[in-house]
Structure formats: structure tokens, C-alpha cells
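# Structural overview
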Amino acid sequence: MKPIFIDKSEIIKRYKPINKYTHKGIQGHALLIGGSYGKIGSVCLSAKAALKTGCGLVTAFIPKCGYEIVQISVPEVMVLTDKEEEFISNINFQILPQAIGIGPGIGQEFSTQNAFQKFLKSNKIPLVIDADALNILSLHKSWMTLLKPKTVLTPHPKELERLIGKWNSDEEKMDKTIAFSLQYDLIVFMKGAPTYIIDGHTIYQNTTGNAALATAGSGDVLTGMITSLLAQSYEPLNAAIIGVYLHGLTADIALPETGYQSFIASTIIDTIGKTYLSLENNIERQELL
Ligand SMILES: NC(=O)C1=CN([C@@H]2O[C@H](COP(=O)(O)OP(=O)(O)OC[C@H]3O[C@@H](n4cnc5c(N)ncnc54)[C@H](OP(=O)(O)O)[C@@H]3O)[C@@H](O)[C@H]2O)[C@@H](O)CC1
Ligand SMILES: Nc1ncnc2c1ncn2[C@@H]1O[C@H](COP(=O)(O)OP(=O)(O)O)[C@@H](O)[C@H]1O
Ligand SMILES: [Mg+2]
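Residues numbered from 1 in each chain as written. Chains lettered and ligands numbered in written order. Predicted model: local features only at pLDDT ≥ 70, side-chain atom pairs only at ≥ 80, totals over all residues. Heavy atoms only, no water.

### Details of the sheet that holds strand β8 (residues 187-190)
Here 10 strands make up an open sheet; going across it, the order is β1-β10-β9-β8-β7-β6-β5-β2-β3-β4 and the pairing mixed. Two strands close off the open sheet at either side, each with one partner strand: β1 (4-6) and β4 (78-81). Both strand β7 (residues 152-153) and β8 contribute to a ladder of 2 bridges, which runs parallel. Across the sheet, Leu153 pairs through a bridge with Val188, a residue of β8. (Pairing = 2+ DSSP bridges. Helix = DSSP H or I, 4+ residues; strand = E, 2+ residues; numbered from the N terminus.)

Listed below in C-alpha cells is the structure:
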């Protein structure tokens with residue numbers, strides 16, 4: 001099966017420019033659930049990336065120990081805390097977000113596993129699952145049936161292997177991921193260089209990004225960006241496609257200034273603005289033709 005390349009033209013046909021009369025209440029509310037002692041930074045990155053990708057409101061649900069860290073490092077983000085200090089034990093919120101991203105830094109404590117299962121049983125909100133939430137799913141494969149159709153999963157190669165088992169070739173890796181996506185009707189990433197997005201039999205191959213992205217937290221940022229787009233009413237596949245394209249493009253735009261080595265996950269967040277501007281310049285140029 002030939003992949004569809006995620007390039008400028010694929011993005012332009014999916015991208016919705018900002019409505020002049022929008023306000024934060026209709027611009028989408030994203031909820032990021034994650035973090036544990038020593039890994040609160042991952043949620044700071046996801047939540048800040050969600051804001052910088054354009055949703056109107058962002059809330060982070062974290063263990064108590066992260067309260068001041070998130071409030072001080074990203075004051076625009078609202079914070080809800082678990083009753084536990086160091087990990088999440090019960091996912092309980094009274095807000096109504098339009099999208100949820102779960103997993104960055106969440107760890108695999110036994111009570112976090114139970115909280116995740118309880119959450120999946122009741123959740124009806126569009127969802128992105130990443131990092132340790134994927135690892136928890138790998139420990140309990142029967143919970144996969146709790147996922148709503150078109151839930152977005154963003155594994156890196158090791159997380160993917162935990163979900164679908166080992167492969168002996170790139171072709172087998174692709175075939176197994178397609179079978180997994182079809183079995184549960186999920187949108188499944190194969191992160192890497194390049195990143196693929198699998199939606200059943202349809203394969204999308206990203207064309208942006210470079211080795212500068214090989215840095216801690218760059219996946220946590222991607223989760224925040226996709227969750228933000230989902231909260232802004234993009235369909236899950238479109239949120240995944242636009243998210244991965246913009247994420248990669250930040251690295252292509254920033255590289256001449258940072259080089260590979262000094263590019264960090266926060267550089268992705270800092271470059272989202274220029275990335276949107278370059279996309280909009282392309283759209284304007286196309287309209288003039
Ligand atoms: N600041 C924070 O708070 C941060 C918090 N974080 C949080 O930490 C938690 C653990 O996440 P994690 O991804 O580091 O651990 P884990 O799932 O064991 O995978 C690591 C192993 O996977 C492999 N591997 C990875 N990529 C690969 C590739 N492209 N290509 C090939 N292999 C690849 C590689 O295996 P190896 O090659 O060594 O066998 C590597 O050793 C998670 O919740 C996350 O959100 C992080 O986001 C960092 C910033
Ligand atoms: N060499 C590379 N070229 C292009 N993209 C890369 C490269 N290395 C990593 N990436 C991208 O960086 C991100 C890393 O995600 P992940 O491993 O989940 O990071 P973390 O868990 O530390 O946040 C993925 O989107 C991946 O595609
Ligand atoms: Mg990750």
C-alpha cells in the first residue's frame with residue numbers, strides 16, 4: 001500500500017483559519033492528564049504546547065506535587081490535582097473539555113493503572129493516548145476494547161513494540177500496525193524518521209522534521225499539539241495529520257538558528273508561532289495564484 005505524503009497541500013486542504021469573532025470559550029478546551037514525581041515537566045510541555053497550538057483553555061490534571069510547578073512554569077494553564085502527592089490515583093474532574101490527552105509522565109503505579117481503566121470506562125471525549133498510558137494498555141490488552149473509535153495513539157517504537165509485539169522487518173512492522181489499527185478502529189502513529197500515521201488501510205507519511213527532534217519531551221509536545229487541534233474541533237485524523245506536520249516543521253524552521261544539538265522540546269513550543277505564520281503565508285500565496 002502506497003503512503004499518502006503529509007505535505008503542504010494535504011495541510012492546506014485540512015487547515016481552518018481562525019474566525020475573527022472567536023473567543024476563548026469556543027476556541028476549545030484541552031485537558032492534559034499526566035505527570036508523576038520527577039516527571040511533571042512532561043505535562044508542562046504538553047499543556048504549553050496545547051496553548052501555543054491555539055486552543056482557548058487548557059487544564060492539566062496532575063498529582064499534588066506538580067501543583068506549583070505547573071502554575072509557575074505555565075501560568076496560563078489551569079490546574080486540577082489528584083489527592084495523591086506523587087502519582088495519579090483517581091481521574092476526577094467537573095470540567096467539560098473538548099479533547100483529552102493522557103499519558104506523558106504518568107508512570108505505571110498500580111493505582112494509576114486502575115484510575116486509567118476507570119477513566120476509559122466512562123470517557124466519551126475525543127482522546128489522545130501517549131507514553132505511559134500506552135504502556136499501561138500494553139499491560140492490559142483487554143482494555144483496548146474500551147477505546148472509542150478513532151482514538152489517537154502516539155507510540156514511539158518501543159511503546160509500539162509493547163503494544164503489538166516484535167517485528168522482523170519494516171514491512172512486518174507496518175502490517176502489524178495496520179492490523180492493530182483495524183482491529184480496534186484506532187489512529188495509530190509509528191513515530192520515527194519519518195513518522196507514519198495509520199488509519200486502517202490508509203498510511204500517511206510525514207514529510208517534515210529532522211534529527212533535532214531526537215530530544216527529551218519532543219513527543220510530550222506532540223501530544224499537546226494534537227490534543228489542542230482535537231479540542232479545536234478537528235476530526236481525529238486531521239488533528240493527527242496537522243499536528244505531526246506542524247511539529248516537524250518547527251524543527252525545520254528552527255534548525256538554521258539552533259543547530260541539532262541545542263534544539264530542545266521547548267524550542268518546538270517557541271517555534272509554533274513562526275510555523276503557523278509560514279503555513280498562512282503559503283495559503284495566501286496559493287490564493288493569489
Ligand atoms: N521531562 C519529563 O518529564 C520527561 C518525561 N518523559 C516521560 O517519561 C516516561 C518514559 O518515557 P520514555 O519514552 O523515556 O521511556 P520508555 O517508554 O521506556 O522508552 C525508552 C526506550 O524506548 C526506545 N526508543 C525510544 N524512542 C525510540 C526511537 N525513536 N527509536 C528506537 N527506539 C526508541 C529506546 O530503547 P533502546 O533503544 O534503548 O532499547 C529507549 O531506551 C514517559 O511517561 C514520558 O512521557 C519523557 O517524555 C522525557 C521527558
Ligand atoms: N531522528 C529523528 N528525525 C525526525 N523525528 C524524530 C527523530 N527522532 C525523534 N523524532 C521525533 O521526536 C518525537 C519523539 O517522541 P518520544 O520518543 O515520545 O519523545 P518523549 O517521550 O521524550 O517526549 C517523535 O515525534 C519522533 O518522530
Ligand atoms: Mg514519548
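Once you've had a look at it, read on.
### Some words on the site of ligand 1
The immediate surroundings of ligand 1 are formed by 16 residues, with Gly105, Asp132, His156, Arg162 and Asp220 found nearest. Within the backbone of Ser42, one N or O atom sits 3.1 Å away from an oxygen atom of ligand 1. Measuring from an oxygen atom of ligand 1, one finds a side-chain N or O atom of Asp220 at 2.8 Å. Burial of ligand 1 by the surrounding chains reaches 52%, relative to a free accessible area of 910 Å². Elements represented by at least two residues in the shell around ligand 1 include exactly α2 (40-52), α5 (131-139) and α6 (157-164). A per-element tally of the shell around ligand 1 places α6 first, with 4 residues. (Near = heavy atom within 4 Å. Polar contact = N/O pair within 3.5 Å; in protein donor to acceptor, adjacent residues only side chain to side chain. Areas by Shrake-Rupley, 256 points an atom, 1.4 Å probe, with all protein chains shown as cover.)

### Quick look at the site of ligand 2
Close contacts around ligand 2 come from 16 residues, with Lys191, Thr195, Gly217, Gly219 and Asp220 the closest. Within the contact set of ligand 2, a nitrogen atom lies 3.3 Å away from a backbone nitrogen or oxygen of Asn210. Contacts to ligand 2 include Ser218, whose side-chain N or O atom sits 3.1 Å from an oxygen atom. Summarising the interface, the protein chains cover 77% of the accessible area of ligand 2, which totals 580 Å² for the free molecule. No other element matches the 4 residues that helix α8 (residues 218-231) contributes to the shell around ligand 2. When its residues are assigned to classes, the shell around ligand 2 shows 6 nonpolar, 8 polar and 2 charged. (Nonpolar A, V, L, I, M, F, W, Y, C, P; charged D, E, K, R; others polar.)

### So, the packing of α2 against helix α10 (residues 265-288)
The interhelical angle for the contact between α2 and α10, taken along N-to-C directions, is 5°, at an axis separation of 10 Å. Classified by the angle their axes make, α2 and α10 are roughly parallel. Contact residues: α2 offers Leu45, Lys48, Ala49 and Lys52, while α10 offers Ala265, Ser266, Ile269, Ile272 and Tyr276. Looking at the contact of α2 with α10 residue by residue, the class counts come to 6 nonpolar, 1 polar and 2 charged. (Axes fitted to C-alpha atoms, helices over the stretch in contact; angles between N-to-C directions. Parallel < 35°, antiparallel > 145°, perpendicular 65-115°, else oblique. Contact = heavy atoms within 4.5 Å.)

### A word on the UniProt feature "binding site: AMP" (unreviewed entry) in the chain
Here, the residues flagged by UniProt with the feature "binding site: AMP" (unreviewed entry) are Lys191, Gly192, Ala193, Pro194, Thr195 and Gly219. In terms of the greatest pairwise C-alpha distance, the residues named above, spread along 29 residues, form a tight cluster of at most 13.7 Å across. Note that Ala193 resides in the loop between β8 and β9 (196-199). Tracing the sequence through the fold places Thr195 in the loop between β8 and β9. Looking at Thr195, its side chain comes within polar contact range of the main-chain nitrogen of Gly192, at 3.1 Å. (UniProt positions renumbered as here; feature names shortened; annotations may be inferred.)

### Description of the packing of α5 against α6
Close contact between α5 and α6 brings their axes to 8 Å; oriented N to C, the two are set at 20°. Between α5 and α6, the angle is such that the two are roughly parallel. For the crossing formed where α5 meets α6, the hand is left-handed. When α5 is examined against α6, the residues Ala131, Leu134, Asn135, Leu137 and Ser138 are found in contact with a partner set consisting of Glu159, Arg162 and Leu163. Here the residues of the contact of α5 with α6 are counted per class, giving 4 nonpolar, 2 polar and 2 charged. (Left-handed = near helix turned anticlockwise from the far one by under 90°.)

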